[in-house]
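The primary structure of each chain is shown beneath.
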Amino acid sequence: MQTGVSTGTAPGTNPIAADPKSAIPTAEGAPKNAQRIGVPTEVFPGEKRVATVPEVVGKLIKLGFLVSVQSGAGDAANVSDEAYRAVGATIVPDAAQLWATSDIVFKVRAPTTDEVGLMHEGGTLISFIWPAQNPELMQQLAAKKVTVLAIDALPRMLSRAQKMDALTSMAGVTGYRAVIEAANAFGRFFNGQITAAGKVPPAKVFIAGAGVAGLAAIGTAAGLGAIVRANDTRAEVADQVKSLGGEFVKVEYEEEGGGGGGYAKVMSEGFQQAQRDMYAKQAKEVDIIITTALIPGKPAPKLITADMVKSMKPGSVIVDMAAEQGGNCELTEPGQSVVKHGVTIVGYTDLASRLSTQSSTLYATNLFRLAEELCKSKDGVINVNMEDDAIRGLTVVNQGSITWPAPAPKLPAAPVAAAAKPMAATAAKKGHGAPSEPMSGNKLAIMFGVAAALFWLIGANAPKEFMSHFTVFVLACFVGYMVVWNVKPALHTPLMSVTNAISSIIAIGALVQISPMADALSRPNSLITWVAAAAIVLTAINMFGGFAVTQRMLAMFRK
């Protein structure tokens, strides 16, 4: 690990360590071979984000790492050098020193050619890279014999990768910001109002694409009081749109649009024509259109034509969130907000950067979760495990060798499908056909015959009072089974309210059985009393615990 800096100073002098203000308070407790994470200032024009924030620096140090931050790196995100220094980070005066002394570099934007030149052999870079769009950059990084983890290449279909999914984090921010930009450019209220001066109708917002960014935009626009409509090629998102207060507008053409990994796929020409017809209709009716459609590795699809823009009402707004990839609107000018045919077309490519403090915090957390996966031993040394599907997917360059694209991750088999094969095999062995076939008449008759014999045996020998209770018990088991069996697993938690009510009946029955403890102790057989007391205790736990869980679940849906 490099701990010194060569910048023309006297031999053996470390300008970082020589400055007492840059001393790392927690460095003495760091592991002996701890690697240093460097966070440079982003040089991309207009980029205000920073790759880590003070709250995360402390967590990285607890993992055993040393952390250096270039002076002024967090200024645009409202984070001062003093805030970094206060949590144990070293402040480095310039980029050359930071890159030279860092074993691992955290960045937001892909490095420039000059920044690649500052990297040293054996270093590690974690950043957005977009390898499909930047083949020359990939060759430059490989020539430096470094290891590169592209945060945008994360296999998003892996559930445990969600905590590292910076694409989702940034998409949520951009979706929110797109609505704010639309509100800024729009000349009226979003929500409808009735005032002494007259009635103000609510704004109508149409959102093309209901991925993470689109859903964030739907929630924000609905929260501001607008009438929100949305469309997506993936039919399964319709319920999500409705749950956020939007109306799902369906294309009158049957075709599935899921492309895997949370993205949409390229649709057929027939579907695209039907979609254009629907967009043309919406353009005439709504006040604001927000487009979010992107397909990995391909230019953004053109959804809004110039004729659609001409048909919109004067003063309308289009926010094109796909502007950086060419835009979903034919008249979008990437990076600019322009007015054409009386419609304001916002093509900003830095929506996430316009909420730099929030974006930086979320991105820093994603990188920290990745650092946890890379440094499970908490000794300040990362291990790029190419056997780990998530890490393998992220790694686009490994010690100078280009390893992108990664092979498809090994996803676990679906539980239902896995269980179907043994069931089918068992059924075939027994000669009963496929497992989906109904139970045979003979088997059903035998089962009912055995059940009837058991009931007769119990009824012939049990006291009369017992039979009434036993009948209620059997009916309760049957009803309870049917209630739970016919409810979707996703609704089992709300079902706890019903089971709690049933538990209260058990408590009442137990209270009827129990008598004052003094009498119970004096009775020859107090077993029933003690069983009833135990039933009350267990039922109370179930009742109060179940209601507590139900209330916590309901609180998730309250603002």
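Treat the numbers as computed from the prediction; the structure is a model and nothing was measured. (Residues numbered from 1 in each chain as written. Predicted model: local features only at pLDDT ≥ 70, side-chain atom pairs only at ≥ 80, totals over all residues. Heavy atoms only, no water.)

**Points about the overall build of the protein**
And step 1. Tallying secondary structure elements over the protein gives 19 helices and 19 strands in all.
And step 2. The 559 residues of the protein split such that 39% are buried. (Helix = DSSP H or I, 4+ residues; strand = E, 2+ residues; numbered from the N terminus. Buried < 20%, exposed > 50% of the residue type's maximum accessible area, 1.4 Å probe, protein only.)

**Observations regarding the pairing of strand 2 (residues 66-70)**
For a regular strand, side chains alternate in direction, first toward one face of the sheet and then toward the other.
And step 1. Buried residues dominate strand 2, accounting for 5 of its 5 residues.
And step 2. A two-sided burial pattern is seen for strand 2, the buried positions comprising Leu66, Ser68 and Gln70 on one face and Val67 and Val69 on the other.
And step 3. Where strand 1 (residues 36-39) meets strand 2, 4 bridges bridge the pair, whose relative direction is parallel. Counted as the bridge partner of Ile37 is Val67 from strand 2.
And step 4. A crossover connection joins strand 1 to the parallel strand 2 through helix 2 (residues 54-62); in handedness this β-α-β unit is right-handed.
And step 5. As paired strands, strand 2 and strand 3 (residues 90-92) are joined by 3 bridges and run parallel to one another. (Pairing = 2+ DSSP bridges. Right-handed = clockwise from strand over helix to strand, strands pointing away.)

**Regarding the pattern of salt bridges**
And step 1. Tallying each qualifying case throughout the model produces 21 salt bridges.
And step 2. The salt bridge involving Glu181 is made with Arg177; its shortest N-O contact spans 3.0 Å. You can see Glu181 and its partner Arg177 sitting in helix 7 (residues 166-185), 4 residues apart, about one turn around the helix.
And step 3. Given the relative accessible area of 6%, Glu181 is considered buried.
And step 4. When salt bridges that share partners are traced, they join Arg160, Lys163, Glu373, Lys376 and Asp388 into one network. (Salt bridge = Lys/Arg side-chain N within 4 Å of Asp/Glu carboxyl O.)

**Some details on the packing of helix 7 against helix 12 (residues 356-374)**
And step 1. Contact geometry of helix 7 with helix 12 gives a least axis separation of 9 Å together with a crossing angle of 165°. Accordingly, the angle class assigned to the pair helix 7 and helix 12 is roughly antiparallel. When the axes of helix 7 and helix 12 are compared, the crossing they make is right-handed. For the pair helix 7 and helix 12, contact is made by Ala166, Ser169, Met170 and Val173 and by Gln358, Ser359, Leu362, Tyr363 and Asn366, respectively. (Axes fitted to C-alpha atoms, helices over the stretch in contact; angles between N-to-C directions. Parallel < 35°, antiparallel > 145°, perpendicular 65-115°, else oblique. Left-handed = near helix turned anticlockwise from the far one by under 90°. Contact = heavy atoms within 4.5 Å.)

**Topic: the environment of Ala238**
And step 1. Counting through the fold element by element, Ala238 comes out in helix 9 (residues 238-243).
And step 2. Judged by relative accessible area, which is 12%, Ala238 ranks as buried.

**Structural notes on the nonpolar core**
Taken as a class, soluble globular proteins show a tendency for nonpolar side chains to be buried jointly.
And step 1. In this structure, Phe106, Tyr363 and Leu370 are the most contacted members of the largest nonpolar core, which totals 46 residues.
And step 2. For this core, the elements supplying multiple residues, two or more each, are strand 1, helix 2, strand 2, strand 4 (104-106), helix 7, helix 12 and helix 13 (389-394).
And step 3. Element by element, the count of residues in this core is highest for helix 12, at 7 residues.
And step 4. Setting aside its immediate chain neighbours within four residues, Leu370 contacts Ile126, Leu149, Ile151, Met164, Ile391 and Leu394.
And step 5. One finds Ala182, Ala213, Val317 and Tyr348 within the second-largest nonpolar core, a separate group that totals 30 residues. (Core = buried A, V, L, I, M, F, W, Y, C linked by side-chain atoms within 4.5 Å.)

**Examining the sheet that holds strand 10 (residues 227-231)**
And step 1. The strand order across the open sheet built from 7 strands is 11-10-9-14-15-17-16, with neighbouring strands paired in mixed fashion. Here the strands that pair on one side only, and so sit at the sheet edges, are strand 11 (247-248) and strand 16 (337-340).
And step 2. Inspection of the sheet shows strand 15 (residues 317-320) paired to strand 17 (residues 343-346) by 3 bridges, in the parallel sense. Paired with Ile318 across the strands is Ile345, a residue of strand 17.
And step 3. Against the sheet, helix 7 engages strand 14 (288-291), strand 15 and strand 17, with an angle of about 155° to strand 15.

**Considering helix 8 (residues 212-223)**
And step 1. With 12 residues, helix 8 should reach 16 Å at 1.5 Å per residue; the first-to-last C-alpha distance of 17 Å fits that figure.
And step 2. When we look at burial in helix 8, the residues that qualify are Ala213, Gly214, Leu215, Ala217, Ile218, Thr220 and Ala221.
And step 3. Looking at the buried residues of helix 8, the elements they touch are helix 7, strand 9 (204-208), strand 10 and helix 9.
And step 4. At the exit of helix 8 stands Gly225, carrying a positive phi of roughly 100°. (Expected span 1.5 Å × (residues − 1).)

**A few points about the sheet that holds strand 3**
And step 1. Taken together, 8 strands build an open sheet; the order of strands is 3-2-1-4-5-6-18-19 and the sheet is mixed. In this open sheet, the two strands that pair with only one neighbour each are strand 3 and strand 19 (401-402).
And step 2. Set on the sheet, helix 12 makes contact with strand 4, strand 5 (124-127) and strand 6 (147-150); between it and strand 5 the angle comes to about 140°.

**Overview of the environment of Gln70**
And step 1. Counting through the fold element by element, Gln70 comes out in strand 2.
And step 2. Taking C-alpha positions, Gln70 is 6.1 Å from Thr41, a pair spaced 29 residues apart along the chain.
And step 3. Aside from chain neighbours lying at most four places away, what touches Gln70 is Val39, Pro40, Thr41, Asp81, Val92, Pro93, Asp94, Ala95 and Leu98.

**Re the packing of aromatic side chains**
And step 1. Scanning the model with the defined rule gives 5 aromatic pairs in all.
And step 2. Geometrically, the ring pair formed by Phe206 and Tyr279 is edge-to-face, given 5.5 Å between the ring centres and 70° between the ring planes. With Phe206 in strand 9 and Tyr279 in helix 10 (residues 269-285), this residue pair connects regions lying 73 residues apart in the sequence. Here Phe206 matches Tyr279 in class, with each residue buried. (Phe/Tyr/Trp six-rings, centres within 6.5 Å; stacked < 30°, edge-to-face > 60°.)

**Here we look at the confidence of the model for the protein**
Predicted coordinates in regions of low pLDDT should not be interpreted in detail.
And step 1. On average, the protein scores 84 in pLDDT, and the residues at 70 or more come to 79%.
And step 2. This stretch, residues 1-26, has a pLDDT under 50; its non-local contacts, to residues over four places away or in other chains, come to 37 contacts.
And step 3. Counted against residues more than four places away or in other chains, residues 417-421, with its pLDDT under 50, gives 0 contacts. (pLDDT = per-residue confidence, 0-100.)

**Side note on the side chain of Thr291**
And step 1. Tracing the backbone through its elements, the reader meets Thr291 in strand 14.
And step 2. Accessibility expressed as a relative area gives 0% for Thr291, which makes it buried.
And step 3. At 3.2 Å, the side chain of Thr291 forms a polar contact with the side chain of Asn328.
And step 4. Discounting chain neighbours no more than four positions away, the residues touching Thr291 are Ala208, Ile304, Val319, Asp320, Met321, Ala322 and Asn328. (Polar contact = N/O pair within 3.5 Å; in protein donor to acceptor, adjacent residues only side chain to side chain.)

**As for the packing of helix 7 against helix 8**
And step 1. For the pair helix 7 and helix 8, interaxial distance at closest approach is 7 Å and the crossing angle is 40°. The orientation of helix 7 relative to helix 8 falls into the category oblique. In this structure, helix 7 meets helix 8 at a crossing whose hand is right-handed. The segment helix 7 lies against helix 8, with Thr168, Ala171, Gly172, Thr174, Gly175, Tyr176 and Val179 engaging Val212, Ala213, Ala216, Ala217, Thr220 and Ala221.

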